Amino acid sequence: TFAQNCRNIEHLNLNGCTKITDSTCYSLSRFCSKLKHLDLTSCVSITNSSLKGISEGCRHLEYLNLSWCDQITKDGIEALVRGCRGLRALLLRGCTQLEDEALKHIQNYCHELVSLNLQSCSRITDEGVVQICRGCHRLQALCLSGCGNLTDASLTALALNCPRLQILEAARCSHLTDAGFTLLARNCHDLEKMDLEECILITDSTLIQLSIHCPKLQALSLSHCELITDDGILHLSNSPCGHERLRVLELDNCLLITDVALEHLENCRGLERLELYDCQQVTRAGIKRMRAQLPHVKVHAYFAPVTPPTAVGGSGQRLCRCCVIL
């Protein structure tokens, strides 16, 4: 009924409408040819048939979010991109059936694509990412978080084909190394946001390359990158991005980071948020000293309550402070 009577609709958000089926997409295809932005996040009953319908009737579509529509396969993606060649943003988080062949179809038809999200598409390998990079040179934002099969071959393809890249999310891609990020930094100078959480093989070498070649960096997550040291933070804080652009730095579970790193970060006058959970060598005193220099920065850290000494004499159950809190 909506599609029949609102034929000028351009922007439609059905996020979380779990009872939506292919029937809705058939109607949108039939009546809403002006549709440009469609969000079907978590519409779990959607199948490849919906994408075929959309491709036939919604040729002006620029943004499509299919996150967590886990019935979608490469056949649906192929049907979609044949008709919607003007797609600029395609979000496929949690589409767990997608494989490299789906990315080959995107590469063949979506040359205007600037944003692609493949979070938790765990079957994707370097082969698929290489194909995307070769066909989508305008790519500015790419999320590969949770694609645990990827190696430096994917970073190499990005470096050689996607010079406009601004956002890279590669959390939990544990095979990526300094070599891949070095090539990326030397070729993608517009990088603004990087999520490298649990890229456990990277060292200070990656931070040195980012410091030299990526002056626009604003947000960097290094959580669980346990090889990062104070020296890497020194290079970052002394760089153009550190002095002028860096707003968010996440260092949770970086076990080699100490109060010395906080002293270095005093050079980052624009820093707004610093994550330090489970940085066991960082102290309250170190944080206090840094905040005296950067009073506007929000520091998130956790220090376990001190267990009180056992009282002399007396009887009955005694609880440490954290147990009392619980």
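Since we're looking at a predicted model, the values are computed, not measured.

Caption draft 1: Up close: the overall build of the protein. The helix and strand inventory of the protein stands at 14 helices and 12 strands. Expressed as lengths along the three principal axes of its C-alpha atoms, the size of the protein is roughly 80 × 55 × 35 Å. Relative to its 326 residues, the protein shows a buried fraction of 49%. As presented, the protein carries roughly 14,900 Å² of accessible surface, and 48% of it is formed by carbon and sulfur atoms. Separation of charge centres in the protein, based on 32 positive and 35 negative side chains, amounts to 7 Å.

Caption draft 2: The arrangement of the packing of helix α2 (residues 22-31) against helix α3 (residues 48-57) in detail. Axis separation between α2 and α3 bottoms out at 8 Å; the angle between their running directions is 5°. With respect to α3, the axis of α2 lies roughly parallel. Contacts between α2 and α3 involve D22, C25, Y26 and S29 from the former and S49, S50, G53, I54, E56 and G57 from the latter. Here the residues of the contact of α2 with α3 sort into 3 nonpolar, 5 polar and 2 charged.

Caption draft 3: Summary view of the pattern of salt bridges. Scanning the model with the defined rule gives 11 salt bridges in all. Here E78 and R82 are joined by a salt bridge, their closest N and O atoms 3.0 Å apart. In this pair, E78 and R82 are both assigned in helix α4 (residues 74-83), 4 residues apart and thus about one turn of the helix distant. Overall, R82 belongs to the partly exposed group, its relative accessible area being 43%. Close ionic contact of E275 with R273 constitutes a salt bridge, the shortest N to O distance being 2.6 Å. Here E275 falls in the buried class, since its relative accessible area comes to 7%. A cluster of three or more residues bridged by salt bridges with shared partners is formed by E250, R273 and E275.

Caption draft 4: Examining the environment of L249 more closely. Checked against the element boundaries, L249 lands in strand β10 (residues 248-250). Along the sequence, L249 and L276 sit 27 residues apart, while their C-alpha atoms lie 9.1 Å from each other. Ignoring anything within four residues of it in the chain, the contact list for L249 reads L220, L222, I233, L236, L265, L271, R273, L274 and E275.

Caption draft 5: Structural view of the side chain of H264. Here H264 is to be found in helix α12 (residues 259-265). For H264, a relative accessible area of 18% gives the class buried.

Caption draft 6: Highlighting the UniProt feature "domain: F-box/LRR-repeat protein 15-like leucin rich repeat" (unreviewed entry) in the protein. Listed under "domain: F-box/LRR-repeat protein 15-like leucin rich repeat" (unreviewed entry) in the UniProt record, and renumbered for this structure, are residues 4-160. Between the C-alpha atoms that bound residues 4-160 there is a distance of 47 Å. The span itself is 39% helix and 11% strand.

Caption draft 7: Summary view of unusual backbone geometry. Even without glycine at this site, S120 takes up a positive phi of about 65°. The residue S120 is located in the loop between β5 (115-117) and α6 (126-135) in this model. With a relative accessible area of 22%, S120 lands in the partly exposed category. One non-glycine residue, R172, lies in the positive phi region at around 70°.

Cut-offs applied
Residues numbered from 1 in each chain as written. Predicted model: local features only at pLDDT ≥ 70, side-chain atom pairs only at ≥ 80, totals over all residues. Heavy atoms only, no water. Helix = DSSP H or I, 4+ residues; strand = E, 2+ residues; numbered from the N terminus. Buried < 20%, exposed > 50% of the residue type's maximum accessible area, 1.4 Å probe, protein only. Areas by Shrake-Rupley, 256 points an atom, 1.4 Å probe, with all protein chains shown as cover. Lys, Arg positive; Asp, Glu negative; His and termini not counted. Charge placed at Lys NZ, Arg CZ, Asp CG, Glu CD. Axes fitted to C-alpha atoms, helices over the stretch in contact; angles between N-to-C directions. Parallel < 35°, antiparallel > 145°, perpendicular 65-115°, else oblique. Contact = heavy atoms within 4.5 Å. Nonpolar A, V, L, I, M, F, W, Y, C, P; charged D, E, K, R; others polar. Salt bridge = Lys/Arg side-chain N within 4 Å of Asp/Glu carboxyl O. UniProt positions renumbered as here; feature names shortened; annotations may be inferred.

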